[in-house]
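Residue strings, one per chain:
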Amino acid sequence: MSIEFPVLLTLRSPDDTAALARCIAPQLRRGDTILLAGEIGAGKTHFARALIQHLQATTGHIEDVPSPTFTLVQTYDVGDNQIWHADLYRLSSGDEIEELGLRDAFDTAICLIEWPERLGQLRPSNAIEFEFRTSDEPDKRTLTMRTNARRWQALLPVIAEFSNGDHA
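A brief look at the structure comes next.

Thresholds, definitions, all that
Residues numbered from 1 in each chain as written. Predicted model: local features only at pLDDT ≥ 70, side-chain atom pairs only at ≥ 80, totals over all residues. Heavy atoms only, no water. Axes fitted to C-alpha atoms, helices over the stretch in contact; angles between N-to-C directions. Helix = DSSP H or I, 4+ residues; strand = E, 2+ residues; numbered from the N terminus. Parallel < 35°, antiparallel > 145°, perpendicular 65-115°, else oblique. Left-handed = near helix turned anticlockwise from the far one by under 90°. Contact = heavy atoms within 4.5 Å. Nonpolar A, V, L, I, M, F, W, Y, C, P; charged D, E, K, R; others polar. Salt bridge = Lys/Arg side-chain N within 4 Å of Asp/Glu carboxyl O. Buried < 20%, exposed > 50% of the residue type's maximum accessible area, 1.4 Å probe, protein only. Core = buried A, V, L, I, M, F, W, Y, C linked by side-chain atoms within 4.5 Å. Polar contact = N/O pair within 3.5 Å; in protein donor to acceptor, adjacent residues only side chain to side chain. Pairing = 2+ DSSP bridges. Expected span 1.5 Å × (residues − 1).

Below, the discussion takes up the packing of helix H1 (residues 14-24) against helix H2 (residues 44-57). Across the interface, H1 lies against H2 with an axial gap of 8 Å and an inter-helix angle of 45°. On the basis of their axis angle, the class for H1 and H2 is oblique. In this structure, H1 crosses over H2, and the sense of that crossing is right-handed. Facing H1, whose interface residues are Pro14, Thr17, Ala18, Leu20, Ala21, Arg22 and Ile24, H2 presents His46, Phe47, Ala50, Leu51 and His54. When the residues that make up the contact of H1 with H2 are grouped by side-chain class, the tally is eight nonpolar, three polar and one charged.

Taken as a whole and judged by the stated rule, the model has eight salt bridges. The shortest N-O distance in the salt bridge between Glu98 and Arg103 comes to 2.9 Å. Owing to a relative accessible area of 37%, Glu98 belongs among the partly exposed residues under this scheme. Judged by relative accessible area, Arg103 falls into the partly exposed class, the value being 47%.

Moving on: the nonpolar core. In terms of nonpolar packing, the biggest core is built from 38 residues, with Leu20, Ile24, Ile34, Phe47, Leu51, Phe130 and Met145 touching the most fellow members. Ranked by residue count, the leading element in this core is H2, at six residues. In this view, Phe130 contacts Ile24, Ile34, Leu35, Leu36, Ala37, Phe47, Leu143, Thr144 and Met145; residues no more than four positions away in its chain are not counted. Trp84, Leu88, Ala105 and Phe106 belong to the second-largest nonpolar core, a separate cluster that totals 18 residues.

So, on to the environment of Glu129. Examined against the element boundaries, Glu129 turns out to sit in strand S6 (residues 128-134). Since its relative accessible area comes to 13%, Glu129 is described here as buried. Counting along the chain gives 61 residues from Glu129 to Pro68, while the straight-line C-alpha distance between them is 19 Å. Those residues in contact with Glu129 that sit more than four places away from it in its chain are Leu35, Ala37, Pro116, Arg123, Thr144, Met145 and Arg146. Within the local environment of Glu129, its side chain forms a polar contact with the side chain of Arg123, the two groups lying 3.0 Å apart.

Once that is clear, we can look at the pairing of strand S3 (residues 73-78). For a regular strand, side chains alternate in direction, first toward one face of the sheet and then toward the other. Pairing geometry for S3 and strand S4 (residues 81-87), over six bridges, is antiparallel. Within S4, the position partnered with Gln74 by the bridge is His85. Hairpin connection of S3 to S4: two residues between the antiparallel strands, including Gly79 at a positive phi of 60°.

With 14 residues, H2 extends 20 Å between its outermost C-alpha atoms, agreeing within 8% with the 20 Å of an ideal straight helix rising 1.5 Å per residue. Residues of H2 that are buried include every one of Lys44, Thr45, Phe47, Ala48, Ala50, Leu51, Ile52, Leu55 and Gln56, and no others. Residues of H2 that are buried sit in contact with H1, strand S2 (33-37), S3, S4, strand S5 (110-114) and S6.

In this section: the sheet that holds S6. In space, the seven strands of this open sheet follow the order S1-S7-S6-S2-S5-S4-S3, with mixed pairing throughout. Two strands in the sheet have a free side with no partner beyond their single neighbour: strand S1 (7-11) and S3. Within the sheet, the average angular offset between the axes of one strand and its neighbour, ignoring direction, is 15°. Two strands pair when backbone bridges link them, and S4 and S5 are joined in this way by five bridges, in the parallel orientation. Its bridge partner being in S5, Ile83 is matched across the sheet by Ile110.

Written as structure tokens, this is what we have:
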């Protein structure tokens, strides 16, 4: 199966969402940014939590991964990498976002950014966007992945394996 961006996936349950996060996590490296878009309750934080905990498990140290809704940014050390998980929902200006230090983190850490539309001109051009959408079925989500950055082409075989059901 040959796929290319944009990619549309159906996630039938929260377990599917977590399984996708576990498939993608090992592919990430310093300087990667995943923009997590979608309405409240669409699965952004669930995906981020599963991804972060999978990377933590590789170091043998799993800690709680709360939503950064009120703290705005949570950071995690995972081996030689640092993960920044940001929730920009409560921010309204570029100045507020600039104060968080995200510009530097985009180059030095793995970044997971919820509510990326708030980034405006700070949005990294090499990011990949995951847009989660709810459906009429309570646990079912659709996910659209978009990017123009070549770096993410290496992710396509992993996504193809996942969509073929190799994630059980």
